Amino acid sequence: MDIVITGGTSGIGYRIAKDLIAEGHQVIIIGQDAEKGRASVAQLGKAAFFIQADLATKSGRNQALASIKYKVDKIHVLVHTAGVFPSSTEENIKANLVPHYQLTMGLADRLTGGRVLIVTGDPQIIQQLSICEEQETTLQRARWLLTHKALLTLFLSYLLAEKEITVNSFFPGNVTDELPHYSQTLLHTEVPVGKYLALHPDLTQSTGNFFDNDRNLVLLNARQYNYDNAEKHLLQYLTE
């Protein structure tokens, strides 16, 4: 299988890449830092390939799309772990939301019958949040991101259903990572839920769902998290 992981040069993405390569799959990782990318590939071995691209920019996404399509004809799994700790509204939109949508839709022709996975926060916390459009404070930007990633999961699952592409989100757990800064002090270094959602045969029909780090399905409030609300809240950000 050919698998693409955004942000796979370190942290959560790197650990998922390592697990999937250990299962015998080929993984393409995408990152902005060329030196970090080369170092990651050297550690992951011959089944890993690196594409340098800044996914927060349109030119970077186009570069990544072209490189991926040149490399593989079929993508079995696309995992979105790339992102930044946003210091502004614009950065939150351009780095943490738009790339997930644009890259997924740009690769839809290669993903038919495959899986898309989006890293998010704890779904049990998302259950308690109302959809937030304000981003003036750090807390508001975090709330906006969690609610809008949940909406994006549902939105993409509807858009890609005809191609039999499943789209699910998952909480990786409190894993050591470079982002956010507090996570560098956490002790967990494995992300078993990533491999589970990417490979488990029982999940071939699962789409528009949210999983915690123990691989449990978490149901969100359908009155808030539905296709109509997703379209209402997302289209203003996703069109270029």
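Residues numbered from 1 in each chain as written. Predicted model: local features only at pLDDT ≥ 70, side-chain atom pairs only at ≥ 80, totals over all residues. Heavy atoms only, no water.

A word on helix α8 (residues 192–199). Within α8 the residues assigned to the buried category are Val-193, Gly-194, Tyr-196, Leu-197 and Ala-198. In this structure, the buried side of α8 is in contact with α1 (11–22), β4 (77–80), β5 (115–119), β6 (166–170) and β7 (209–211). (Buried < 20%, exposed > 50% of the residue type's maximum accessible area, 1.4 Å probe, protein only. Helix = DSSP H or I, 4+ residues; strand = E, 2+ residues; numbered from the N terminus. Contact = heavy atoms within 4.5 Å.)

For the rest of this paragraph, the subject is the environment of Glu-164. Counting through the fold element by element, Glu-164 comes out in the loop between α7 (138–159) and β6. In the structure, Glu-164 is positioned 52 residues away from Thr-112 in sequence and 6.1 Å away in space, judged by C-alpha atoms. Once residues lying within four places of it in the same chain are set aside, the contact partners of Glu-164 are Gly-113 and Gly-114.

Glancing now at the confidence of the model for the protein. Predicted coordinates in regions of low pLDDT should not be interpreted in detail. Per-residue pLDDT for the protein has a mean of 92; in total, 93% of the residues score no lower than 70. Confidence over residues 179–187 falls short of pLDDT 50; this stretch has 15 contacts with residues more than four positions distant or in other chains. (pLDDT = per-residue confidence, 0-100.)

What follows concerns the nonpolar core. In terms of nonpolar packing, the biggest core is built from 42 residues, with Ile-30, Ile-68, Leu-107, Leu-152, Tyr-225 and Leu-234 touching the most fellow members. Of all the elements in the fold, those that place two or more residues in this core are β2 (26–31), α3 (58–71), α5 (98–106), β5, α7 and α9 (227–238). When residues in this core are grouped by element, the largest group, eight residues, is from α7. Excluding anything up to four places from it in sequence, Leu-107 contacts Leu-65, Ile-68, Lys-69, Ile-75 and Leu-78. Residues Ala-17, Ala-48, Val-77 and Leu-197 belong to the second largest nonpolar core, which totals 25 residues. (Core = buried A, V, L, I, M, F, W, Y, C linked by side-chain atoms within 4.5 Å.)

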